[in-house]
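Spelled out from the first residue to the last, the chains are:
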Amino acid sequence: MQKIITKQEALTKGLKRYFTGIKCKYGHLSERYINGSCIVCDSIKSARYYKTPKGKKTRAVFFNNFSKTEKGKALNRKSSNEYYSTRKGKDYKKNYQRKRRSIDIPYKIRENISKRVKCPQTTNHLNIPSSVSVPLIVSPVNSKLLVHTSTLCSSNVFDH
Ligand SMILES: [Zn+2]
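Caption draft 1: Inspection of the overall build of the chain at higher detail. When helices and strands are counted, the chain shows eight helices and four strands. Going from N to C terminus, the chain has its helices and strands arranged as α-β-β-α-α-α-α-α-α-β-β-α. Taking all 160 residues of the chain together, the buried fraction comes to 2%. A fraction of 16% describes how many contacts in the chain between residues 6 or more apart in sequence connect residues 24 or more apart.

Written out as structure tokens, the structure is:
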């Protein structure tokens, strides 16, 4: 049984919820938010709301904004890495690349170039060990633009 915390107590302790031990009018024996609403009723209400077109829009806006924050970006990276390591994710990626290659020429060129740098078998005929840095852009001004072939290979998440 949950400990009874009055609204006043919760307010003084800086809590967001309190517990009266009295059922709400729909029969839920649960905590209440400081504004008095039962948390079960509230979650039912919001679940219903997010199924409506307006609710879907609100949620989309929220996630769009959230994905722009550092926390959101980190979460997105994590979940997409997890997804792309599954069979389904790998298949999706393959299909996506195939489709994009056929319609997006710059993408195809970029991919070809990166493959040439990435794959050891294409550089091996030049007797370059995979640990040697390959200049991506040869420029006397910015000679720092060196890319490690081994780094590129390890970052290559696609199946060949
Ligand atoms: Zn309720």
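Right, picking up where we left off after that structure.
Caption draft 2: Molecular detail of helix H3 (residues 53-66). In this model H3 runs 20 Å from its N-terminal to its C-terminal C-alpha over 14 residues, within 8% of the 20 Å that 1.5 Å per residue would give. Of all 14 residues in H3, zero are buried, a share of ten percent or less.

Caption draft 3: The confidence of the model for the chain, seen in detail. For the chain, the mean per-residue pLDDT works out to 82, and 73% of the residues sit at or above 70. For the stretch residues 142-157, pLDDT sits under 50, and the model shows 26 contacts to residues farther than four places along the chain or on other chains.

Caption draft 4: View of the environment of Ile 22. Its place among the elements puts Ile 22 in the loop between strand S1 (17-18) and strand S2 (32-33). The class for Ile 22 is exposed, based on 8 C-beta atoms found within 10 Å. C-alpha separation for the pair Ile 22 and Ile 4, spaced 18 residues apart in sequence, amounts to 9.7 Å.

Analysis parameters
Residues numbered from 1 in each chain as written. Predicted model: local features only at pLDDT ≥ 70, side-chain atom pairs only at ≥ 80, totals over all residues. Helix = DSSP H or I, 4+ residues; strand = E, 2+ residues; numbered from the N terminus. Buried ≥ 20, exposed ≤ 12 C-beta atoms within 10 Å, placed from the backbone. Contact = placed C-beta atoms within 7 Å. Expected span 1.5 Å × (residues − 1). pLDDT = per-residue confidence, 0-100.

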